[in-house]
Amino acid sequence: MNDSVLVLSIVSAIAAGTPILFASLGEIMAERSGVMNLGVEGMMLVGGVTGFWAGIQTENLGLALLAGALAGAALSLIHAFLAISLRVNQIVSGLALVIVGNGFSAFWGNSGDSPLIQRQSGVDVDPFLPSAWRDLPGLGPILFGHDAVVYFSWLVVAGAGYFLFRTTPGLGLRATGEDPAAADAAGLSVTRIRYLFTFLGGLGAGFGGAYLALAVLRTWQAGMTAGAGWIAVALVILAGWRPWLALVAAYGFGALRNLGFTLQIAGVDVPSDFLAMIPFVATYLVVIVASANPARARKIIGPAALGEPYSREAR
Amino acid sequence: MTIRLSVVPRAAPPPALRIGVPFASLLAAGVVGGSILVIAGNSPLDAYETMFDASLNGLRPLMRTLTLATPLILTGLAAAITFRMKIWNIGAEGQLYMGAIAASGLAVALPASSPRPVMLLSILLAGAGAGAVWAGLAAIPKAYLNTDEVITTLMLNFIALSLMNYLIFGSASFWRDSAATFPTGKAIPESAELPVLSHRLHYGVLIAVVSAVVLWWVLRRTSWGFELRTIGDSRKASRYAGMRVGPKVVSVLALSGALAGGAGAIEISGVIKGLDPRAVAAELGFTGIVVAAVARLNPLAVVPVATFLAAIVTSGSSLQRIGIETEIVFLLQGLIFLFVAAGDFFLVNKVILRPRPSPALVDGGEPTDE
Amino acid sequence: MHTDEEPILQIRELTKSFYGVAANNRVSFDLYAGEVHGLLGENGAGKSTLCSILAGLYRPDSGEVALDGDAVTLRSPQDAAHAGIGMVYQHFRLVSSMTVAENMILGLENQSVRLSLRSVETKVAEIAGGYGLEVDPGAYVWQLSVGEQQRVEILRQLLRGARIMILDEPTAVLAPQECDKLFVVVRQMARQGHSVVLVSHKMEEILANTDRVTVLRQGRNAATVATSETSAEELVTMVIGGDHFPEPGRLTARRQDGTAAVLAVSGLRVTGDRGPLAVDGVSFEVRPGQIVGVAGVAGNGQRELQESIAGLRPVSSGSVWIGDRDVTSRSPRSRSRAGLSYVPEDRLGTGLASGLTLEENLVLKSYNEAPYSRWGVLSRRAIASMADKLSAQFDVRGARAKMPVSSMSGGNLQKAVLARELTRPHTVLLAAQPTRGLDLAASAAVRSHILSETAKGRGVLLFSEDLAEITELSDSILVMSQGRIVGSYTPETLDVEELGLLMTGAKVEIE
């Protein structure tokens, strides 16, 4: 494998990993508050269809991504209401969200006189830094060859890490996920924090879904995430609920997704169905290996109150 | 005067609510789904009428619905028994694919002249076994390493899908019919087909219904079922009582996989009659989760609920005639799931509205108004 | 002291119900500045509910809370903090995976967005110095002893400017010497003008440390008196309302020396949830007809010891014998077949499965044995008739046999556990906190059941944080501290003062 293949595969891994990264970051924030939202796949699909539609309407990337993010967040509020206010089992509610998101996006995308499924996205998502930088050998494309959203994602990773571990509200967020009764007694509003960060989780998933449709696939089709949302949920565990590890993991999985492309360039012939399997096999194995290592297992159990509804008057 | 909303848990829901709440949830899903249709420029009443005609009105539609209900009963049971134990097997979809692969493979491998009972029994067992093994790939890490089964079962779904695609679209495998121009699976011999009851409805429906009744009985009346319910209720109490949780997780997940794998075999034998990935990958496993949730994990209730959801799915294609996209049925399914999940709140809690005598003590804060 | 001034806190006719049962029924209460006010009552008398209302956790169904004469609404803990009410819960509300300083800053107002622990640390050190409440702000809460955690809770309230400090059963988890230290702090807070509400069910503690005392009985006011004008006898009558419960009969000379032990633990080492050893080389024996009591402050390895005897927690080294069988590496079920009955600390959740019915819970350990099941099929008739018999024999009330046990009261839950554990064939009973949270009548019933075990020649290993219960029931007392047995007594050699020192780990007995 020569240099340019390596560089190219890193660049494409970053592109393929970015939608998953946004979804994972959102889910990390939601789970840090104690709310597990398995509906990421559904929120990404709804974000994708909304973002794609908004892209055609506005021809503006920023507005399209914003619309996608808000759509994902709107869906997450349904989960928030069920999981936080109605104290419904969070796994059940999350699964329901996937099915609703899947059905809604497929229905919308295929309906109408000119369904989205036949359209081009109509917004530009291209590298924007000076081409002289991008053409630097080796690191040039890796550091400077991306569209603006990738740089935005780096900012978000840094911001999320700073927020979680270096700010007072971040401390409150972590406390809410660890021990809601203690957070409540300390004067924090568990309900408000959980709603807020579940909403933020939806923003991340919707944004990731919109970016996937607009910039990575550049078309829309029903079920276009093909499991990316589930990978995002798995990455949260693998990353130990830490934003910068989510970035590493997302790019790793981006690389696995593009392995077929890379191998083709390298002249290796592997059936495409096996290549499609790789990210899923890898996630399956990594989740098992992570839980097999007791020292790591203790660390990756995540927020202590994850998935547990909180009720002040529960006796 | 302010009215305050208070929520009080109840020990056990009254029987009227146990029926009433799910129906109210269905109604709410229908209303929300209808509203979306209105927004999309369609008439919900026309849509629901068309759906009713296409799925339940008349022998032929009814038989079509029951044909689809057959695998949904089995995948619904598969989800229900693991959810009962608070094990979240989301993998019925993949377990069903593996069952279909094993059953179709064995059906074309065995001599076509084999007696039908031998053939049917072999392929059903092969399907169930393959499903059980596939579930075991999630069960063993769950039982002994406490690996998150939601993630593993899901990943196994995608892996099974790719494997099935590979066997037909990606290779000249044993399953693929090399004579056909388009990639397609070899047709199974007639001796491997489930006999037909009426129209397209095959004997598989009896297998499904009998499974539901047997499972219901096993859960209530056997020590195996007692252990399952105890573990589902409290891990700690079951360990304290001397139950071995690990092996139980494996056996329940394996049974769940066998039910889903059996559904795959029955689909091959009774409906698809050869490995066709597009026909097998019909979200039967995921819909089973909705079935189980709406049936509130009761095996007997799985039968009517599966039939109802099958009616919705079956009628999807008829909607295109009146200009509505088929995908609305998936949306409806999701809404039903959502509202039934929300409805659970009203089964485990009592919501009381009561006037507060002293307005000075209440203003804003929690949701207080109605 | 407070005769002319206005009370800083007044509670008028407060009512709060759970599940249709009034936990507080028109309760009224006054508190003056600089006063230590005892709130006395049995478990379930409504003390904790009243505290939770003052802390802003529960909202009353009716009634009024007034501060400095003005009615206030306490909608949340934040409101209570603004009002200057600081609550130290019996079960501390600290995030155990976080440090002391992080817990202090949690929910504190006027903090910069940027997390700065330094400023809080200096303020904490200032306040801590004034009261002699030293804690290491950088330590993780899970590393602290229970007494230290309590100091963190008190400091946190002082840091927030609490002028009313509510201490809910503060001594329940402390060794006697730590209690003394606590009351020094309480007195000092009162001298500096704070008001302290001391919630307790211990008579001596109230008599020794309060200015006035309010007694609650069954959710209602029983009386409010000046402490100097009352006596223990008078308070007891107010607490139990004139009813008298028989003391369990004292049996003497139950010990049968020379017989083989029914339970023998030797050199046992067990790791805790967090990694280090929780039980560190424990050895003892329980003989037929003997009650061995294990005294100790909570969190010193008792739970891990119980779980490892029952087979719920693996052992690092050492052995457990039940009768003549080495069960060290055997399953919980084979231990129970070898003759172990176990009444766990956690009744609902471990001892009973809350969603199962009473009759199902009564066969929790025998569901797979005849006559309750044959060939794997349950016999509903056999189970129902056994449930009827046991419910009558053990006076289990308030539950229908086919309803989930979660609707039963604490006393009936414990009776159900005892009914199951005492009627199955066994040679040794392991009982952990058997009367915690029960009212006097239920406690007396449970104690007499435990005593009756000895008459049947069975051995009992009793864990209790209630020292009085241990000394009253046991033939032999072991003291557990930091995972070790640090002392042992017989009723004749018992020295409560020394025992208290041993519990805190302050003194290592020299043989």
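Residues numbered from 1 in each chain as written. Chains lettered and ligands numbered in written order. Predicted model: local features only at pLDDT ≥ 70, side-chain atom pairs only at ≥ 80, totals over all residues.

Novice: Help me out: how do you make sense of the overall build of chain C in this one?
Specialist: Helix and strand counts for chain C stand at 16 helices and 22 strands. Over its C-alpha atoms chain C spans a radius of gyration of 24 Å, differing by no more than 12% from the 24 Å that the globule rule assigns to 511 residues. Per-residue burial over chain C gives 49% buried out of 511 residues. Of all intrachain contacts in chain C linking residues separated by at least 6 positions in sequence, the fraction that spans at least 24 positions is 67%. (Helix = DSSP H or I, 4+ residues; strand = E, 2+ residues; numbered from the N terminus. Rg over C-alpha atoms; globule rule 2.2 N^0.38 Å. Buried ≥ 20, exposed ≤ 12 C-beta atoms within 10 Å, placed from the backbone. Contact = placed C-beta atoms within 7 Å.)

Novice: I'm lost on the overall build of chain B in this one. Help?
Specialist: A tally of regular secondary structure across chain B gives 15 helices and 4 strands. Here chain B has a C-alpha radius of gyration of 23 Å; the compact-globule value for 370 residues is 21 Å, and the two agree. Considering only C-alpha atoms, chain B reaches an extent of 85 × 60 × 35 Å along its principal axes. Across the 370 residues of chain B, 55% fall into the buried class. Long-range contacts, defined here as pairs at least 24 residues apart, represent 78% of the contacts in chain B between residues at least 6 apart.

Novice: In this structure, what is going on with the environment of Ala 226 of chain C? I would like to understand it.
Specialist: All names here are of chain C. With respect to the helices, strands and loops of the structure, Ala 226 is situated in strand β10 (residues 220–226). For Ala 226, a count of 11 C-beta atoms within 10 Å puts it in the exposed group. When the C-alpha atoms of Ala 226 and His 82 are compared, they prove to be 30 Å apart, with 144 residues separating the residues in sequence.

Novice: How do you make sense of the interface of chain A and chain C when you look at a structure like this?
Specialist: Of the residues lining the interface, 21 residues belong to chain A; the matching set on chain C comes to 21 residues. Going through the elements one at a time, α8 (168–178) and α9 (180–185) of chain A are the ones with two or more residues in the side of chain A that touches chain C. When residues in the side of chain A that touches chain C are grouped by element, the largest group, 6 residues, is from α8 of chain A. Among the residues making up the side of chain A that touches chain C, the classes are represented as 10 nonpolar, 4 polar and 7 charged. (Nonpolar A, V, L, I, M, F, W, Y, C, P; charged D, E, K, R; others polar.)

Novice: I would appreciate a short explanation of the packing of helix α4 (residues 117–131) of chain C against helix α5 (residues 146–159) of chain C in the present structure.
Specialist: In a pair of packed helices, the angle between the axes and the distance between the axes together describe the arrangement. All names here are of chain C. Interaxial distance between α4 and α5 falls to 10 Å at its minimum, and their mutual angle equals 105°. One way to sum up the angle between α4 and α5 is to call them roughly perpendicular. Two secondary-structure elements touch here, α4 through Lys 123, Val 124, Ile 127 and Ala 128 and α5 through Leu 155, Leu 158 and Leu 159. The residue makeup of the contact of α4 with α5, split by class, is 6 nonpolar, no polar and 1 charged. (Axes fitted to C-alpha atoms, helices over the stretch in contact; angles between N-to-C directions. Parallel < 35°, antiparallel > 145°, perpendicular 65-115°, else oblique.)

Novice: Quick question: what am I supposed to make of the interface of chain B and chain A here?
Specialist: Accessible area lost upon the coming together of the parts is a frequently used measure of interface size. With 39 residues of chain B at the interface, the matching set in chain A holds 40 residues. Only α5 (116–145), α6 (149–170), α12 (284–294) and α15 (328–348) of chain B provide two or more residues apiece to the side of chain B that touches chain A. Partitioned by chemical class, the residues of the side of chain B that touches chain A number 26 nonpolar, 9 polar and 4 charged.

Novice: Sorry, what's going on with the sheet that holds β10 of chain C here?
Specialist: Either a parallel or an antiparallel arrangement is found when strands of a sheet pair, and the pairing is made through backbone hydrogen bonds. All names here are of chain C. Spatially, 6 strands are ordered β6-β7-β8-β3-β9-β10 in an open sheet, and the strand pairing comes out mixed. Both outer strands of the open sheet, β6 (85–88) and β10, are each paired with one neighbouring strand and no more. Shown here is a sheet whose adjacent strand axes are inclined to one another by a mean of 20°, direction ignored. In this structure, strand β7 (residues 164–168) lies alongside strand β8 (residues 195–200), joined through 5 bridges in parallel fashion. (Pairing = 2+ DSSP bridges.)

Novice: Just checking my understanding: could you explain the sheet that holds strand β19 (residues 428–432) of chain C for this structure?
Specialist: Residues and elements named next belong to chain C. With respect to topology, 6 strands assemble into an open sheet ordered β16-β19-β20-β13-β21-β22, the strand pairing being mixed. Since the sheet does not close on itself, it has two edges, and those belong to β16 (340–343) and β22 (484–489), each with one partner. Between one strand and the next, the sheet's axes are offset by a mean angle of 20°, whatever the strand orientation. Examined bridge by bridge, strand β13 (residues 291–295) and strand β21 (residues 476–481) share 4 bridges and lie parallel to one another. Paired with Gly 293 across the bridge in β21 is Ile 477.

Novice: What am I meant to see in the pairing of strand β3 (residues 36–40) of chain C here?
Specialist: It is a general feature of regular strands that their side chains alternate between the two faces of the sheet. Residues and elements named next belong to chain C. Most of β3 sits out of view: 5 of its 5 residues are buried. Across the two faces of β3 the burial is the same, with Val 36, Gly 38 and Leu 40 and His 37 and Leu 39 all buried. Of the pairings in the sheet, the one linking β3 to β8 comprises 5 bridges and is parallel in character. Bridge pairing links Leu 39 to Val 199 in β8. For β3 and strand β9 (residues 212–217), the ladder comprises 4 bridges, and the chain directions are parallel. Bridge assignment links Leu 39 to a residue of β9, and that residue is Thr 214.

Novice: Explain helix α10 (residues 245–272) of chain B here, please?
Specialist: Side chains of residues three or four places apart in an α-helix project in the same direction, reflecting 3.6 residues per turn. All names here are of chain B. For α10, built from 28 residues, the straight-helix expectation of 40 Å at 1.5 Å per residue is met to within 8% by its first-to-last C-alpha distance of 38 Å. Counting buried positions along α10 yields 22 of 28 residues, so the element is predominantly enclosed. Within two residues after α10, Lys 273 carries a phi angle of roughly 60°, on the positive side. (Expected span 1.5 Å × (residues − 1).)

Novice: Help me out: how do you make sense of the pairing of β21 of chain C in this one?
Specialist: Residues and elements named next belong to chain C. For β21, a buried count of 5 out of 6 residues is recorded, marking the element as mostly surrounded by other parts of the structure. Judged from the 5 bridges that link them, β21 and β22 form a sheet pairing that is antiparallel. From the neighbouring strand, Ile 477 faces β22, where its bridge partner is Tyr 489. The antiparallel hairpin formed by β21 and β22 contains 2 residues in its connecting segment, where Gln 482 sits at a positive phi of about 50°.

Novice: It is not clear to me how the nonpolar core should be interpreted in this structure. Could you clarify?
Specialist: Among soluble globular proteins, nonpolar side chains are generally buried collectively. With 376 residues, the main nonpolar core has Leu 235 of chain A, Val 302 of chain B together with Ile 166 and Leu 462 of chain C as its most contacted residues. Here the element with the most residues in this core is helix α10 (residues 190–217) of chain A; it accounts for 15 residues. The contacts of Val 302 of chain B, once residues within four sequence positions are left out, are Ile 73, Gly 76, Leu 77, Ala 80, Ala 212, Val 291, Ala 292 and Ala 295 of chain B. Counting residues in each nonpolar core, the second largest holds 6 residues, with Ile 10, Val 11, Ile 14 and Ala 15 of chain A among its members. (Core = buried A, V, L, I, M, F, W, Y, C linked by C-beta atoms within 7 Å.)

Novice: Please explain the packing of helix α7 (residues 204–221) of chain B against helix α8 (residues 223–233) of chain B as it appears in this structure.
Specialist: Residues and elements named next belong to chain B. Packing of α7 against α8 leaves a shortest axis separation of 5 Å and a crossing angle of 75°. Judged by the inter-axis angle, α7 sits roughly perpendicular to α8. Residues Val 218, Leu 219, Arg 220 and Arg 221 of α7 touch α8, and the partners they reach there are Trp 224, Gly 225, Leu 228 and Arg 229. Of the residues belonging to the contact of α7 with α8, the class tally is 4 nonpolar, 1 polar and 3 charged.

Novice: I keep staring at the confidence of the model for chain B and nothing clicks. Help me out?
Specialist: The predicted coordinates of low-pLDDT regions are not to be read in fine detail. All names here are of chain B. A residue-level look at chain B finds 94% of positions with pLDDT of 70 or above and a mean pLDDT of 88. Averaged over each element, pLDDT in chain B is lowest for strand β1 (residues 2–9) (68) and highest for helix α4 (residues 92–109) (96). Scored below 50 in pLDDT, residues 357–370 shows 20 contacts in the model against residues more than four places distant or in partner chains. (pLDDT = per-residue confidence, 0-100.)

Novice: Explain unusual backbone geometry here, please?
Specialist: In terms of backbone geometry, most residues other than glycine have negative phi values and most peptide bonds are trans. Geometrically, the link from Ala 370 of chain C to Pro 371 of chain C is a cis peptide bond, its omega value of 5° lying close to zero. One can find Pro 371 of chain C in the loop between α11 (358–362) and β17 (373–374).

Novice: Help me out: how do you make sense of the confidence of the model for chain C in this one?
Specialist: All names here are of chain C. Mean pLDDT over chain C works out to 85, with 92% of the residues at or above the 70 mark. The low-confidence segment residues 244–254, where pLDDT is below 50, has 15 contacts with residues more than four positions distant or belonging to other chains. The complex prediction reports pTM at 0.87, with the ipTM value standing at 0.87.

Novice: Would you mind going over helix α7 (residues 148–166) of chain A with me for this structure?
Specialist: Residues and elements named next belong to chain A. Helix length check: α7 (19 residues) gives 26 Å between terminal C-alpha atoms against 27 Å at 1.5 Å per residue, within 8%. For α7, every residue scored as buried is listed here: Val 149, Ser 153, Val 157 and Ala 160. Burial along α7 is one-sided: seen end-on, the buried residues are contained in an arc of 100°. Away from its buried face by more than 90 degrees, α7 exposes Leu 155 and Gly 159. (Arc of directions from axis to C-beta.)

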